[in-house]
Amino acid sequence: MKISTLALVAAFAVVAAGCGGGNQSSGTPVGQGTPLGKNAAGELSYQSTGDSTGALPGITVMGTGSAKAVPDVSDWSFGVQADAKTASAALKEASQATSRILDALRGAGVAKGDLRTEQVSLYPQMSNDGRDVVGYTASSSVQATVHEVAEAGSVVDAAVAAGANQVSGPMLRVADSQAQYREAVNAALDDARARAEAIAAKAGVKLGAPVAIIENGGGFPVPVYDRAVAGAAEMPIEPGTREISASLTVTFAIS
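On a predicted model such as this, the values are computed, not experimentally measured, just so you know.

## Notes on a nonpolar patch on the surface
Taken together, the side chains of Leu91, Val120 and Leu122 present a nonpolar region at the surface, about 240 Å² in accessible area. Relative to the helices and strands, Leu91 is located in helix H2 (residues 87-107).

In structure tokens form, the structure reads like this:
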């Protein structure tokens, strides 16, 4: 009777070690591992001899690719700064100047939905000894999105003529870069295969199909700001080209 009970406990311990509550790291399937003996509770324990990292067999490489795109949108910032003896007077002057700038931008063809206020600020002007407030400075700026890069020069001139005394831009970008990004992804996959083939040839193995692909994200065109030289009629704006990149981590099967 005692022998049968021990046999039943041992069998139950092997099954429990194999199941492990559904977590492979907490137990070893039946038929794998090296017995270490029994613990204080009389249960059998095993030491795993398999790979528990979960890594896929094969060659893992990172591939990169890129595609060129021509920016077709430019963003500009137009601001105004006003000084006055009182805070209300400074704000009023800045507000009136901003309204004139907005009207000029709309007159230059910028849609209402492409105009937005960036910031409004007010701060005191102090005397030389720092004890008294001698005036106030108010500033306000708006951002304008120009969908035709070639028209950006006339938009800038209109804003400056309306009173903008702070101008920055352009921030050049591509409105829709999905097609170029797909091209970059294709190039990244080709690059990954070329790298894996070189490794496989050196290792003397045959490269198979991809078994895992991880998209590491892409580098969409980085907005580029150039300081505007305002005041010149029909200021020329050259969009140039921007690079869109993609990166993939690919695991290829080997045999």
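## Considering the packing of aromatic side chains
Any pair of aromatic rings gets described here by the distance separating the centres and the angle formed by the planes. For the structure on display, the rule yields 1 aromatic pair. Relative to Phe78, the ring of Trp76 has its centre 6.4 Å away and its plane inclined at 10°; by these criteria the two rings are stacked. Across the pair, exposure class does not vary: Trp76 and Phe78 are buried alike.

## Describing unusual backbone geometry
For the peptide bond that leads from Gly169 to Pro170, omega is 0°, which places it in the cis range. Positionally, Pro170 belongs in strand S7 (residues 166-173).

## Let's talk about the confidence of the model for the protein
Across the protein, the average pLDDT comes to 78, with 70% of residues at 70 or higher. Confidence over residues 1-50 falls short of pLDDT 50; this stretch has 36 contacts with residues more than four positions distant or in other chains. In the model, residues 222-233 has pLDDT below 50 throughout and makes 27 contacts with residues more than four positions away in sequence or in other chains.

## Things to note about the environment of Leu172
The residue Leu172 is located in strand S7 in this model. The sequence separation of Leu172 and Thr145 amounts to 27 residues, and the corresponding C-alpha distance is 10.0 Å.

## Description of the side chain of Gln180
Residue position: Gln180 is located in helix H4 (residues 178-203). Those residues in contact with Gln180, other than ones at most four positions away along the chain, are Ala67, Lys68, Ala69 and Ile244.

## Brief notes about H2
Taking 1.5 Å per residue as the helical rise, H2 with its 21 residues ought to reach 30 Å, and the 30 Å between its terminal C-alpha atoms agrees with that figure. Those residues of H2 not exposed but buried are Ala90, Ala94, Ala97, Thr98, Ile101, Leu102 and Leu105. Buried residues of H2, seen end-on, are gathered within an arc of 145° and therefore sit on one face of the element. Every exposed residue of H2 that faces more than 90 degrees away from the buried side is listed here: Ser88, Lys92 and Gly107. In the segment just after H2, Gly109 is the residue with positive phi, at about 105°.

## Some remarks on the side chain of Ser77
Mapping Ser77 onto the fold places it in strand S4 (residues 73-84). Not counting chain neighbours up to four residues away, the residues in contact with Ser77 comprise Glu118, Ser141, Val142, Gln143, Gln166, Val167 and Ser168.

## Remarks on the pairing of strand S3 (residues 59-69)
Taking every second residue as pointing to the same face, the buried face of S3 carries Ile59, Val61, Gly63, Gly65, Ala67 and Ala69, while none of Thr60, Met62, Thr64, Ser66 and Lys68 on the other face is buried. In this sheet, strand S10 (residues 242-254) lies alongside S3 in antiparallel orientation, the contact comprising 11 bridges. Bridged to Lys68 within S10 is Glu243.

## Comments concerning the environment of Val120
Within the secondary structure layout, Val120 lies in strand S5 (residues 115-126). The exposure class of Val120 is exposed, given its relative accessible area of 57%.

## Some remarks on the pattern of salt bridges
Taken as a whole and judged by the stated rule, the model has 4 salt bridges. Arg173 is the salt-bridge partner of Asp75, the closest N and O atoms lying 2.7 Å from each other. Residue Asp75 is located in strand S4, and its partner Arg173 is located in strand S7; the two are separated by 98 residues in the primary sequence. The closest approach of N and O atoms between Arg106 and Asp103, which form a salt bridge, is 2.7 Å. Here Arg106 and its partner Asp103 are both found in helix H2, 3 residues apart, which amounts to about one turn of the helix. Classification of Arg106 by relative accessible area gives partly exposed; the value is 39%. Asp103 sits in the partly exposed class, given a relative accessible area of 48%.

Calculation notes
Residues numbered from 1 in each chain as written. Predicted model: local features only at pLDDT ≥ 70, side-chain atom pairs only at ≥ 80, totals over all residues. Heavy atoms only, no water. Patch = residues over 30% accessible without salt bridge, like charges linked within 9 Å, V, L, I, M, F, W, Y side chains within 5 Å. Areas by Shrake-Rupley, 256 points an atom, 1.4 Å probe, with all protein chains shown as cover. Salt bridge = Lys/Arg side-chain N within 4 Å of Asp/Glu carboxyl O. Helix = DSSP H or I, 4+ residues; strand = E, 2+ residues; numbered from the N terminus. Phe/Tyr/Trp six-rings, centres within 6.5 Å; stacked < 30°, edge-to-face > 60°. Buried < 20%, exposed > 50% of the residue type's maximum accessible area, 1.4 Å probe, protein only. pLDDT = per-residue confidence, 0-100. Contact = heavy atoms within 4.5 Å. Expected span 1.5 Å × (residues − 1). Arc of directions from axis to C-beta. Pairing = 2+ DSSP bridges.

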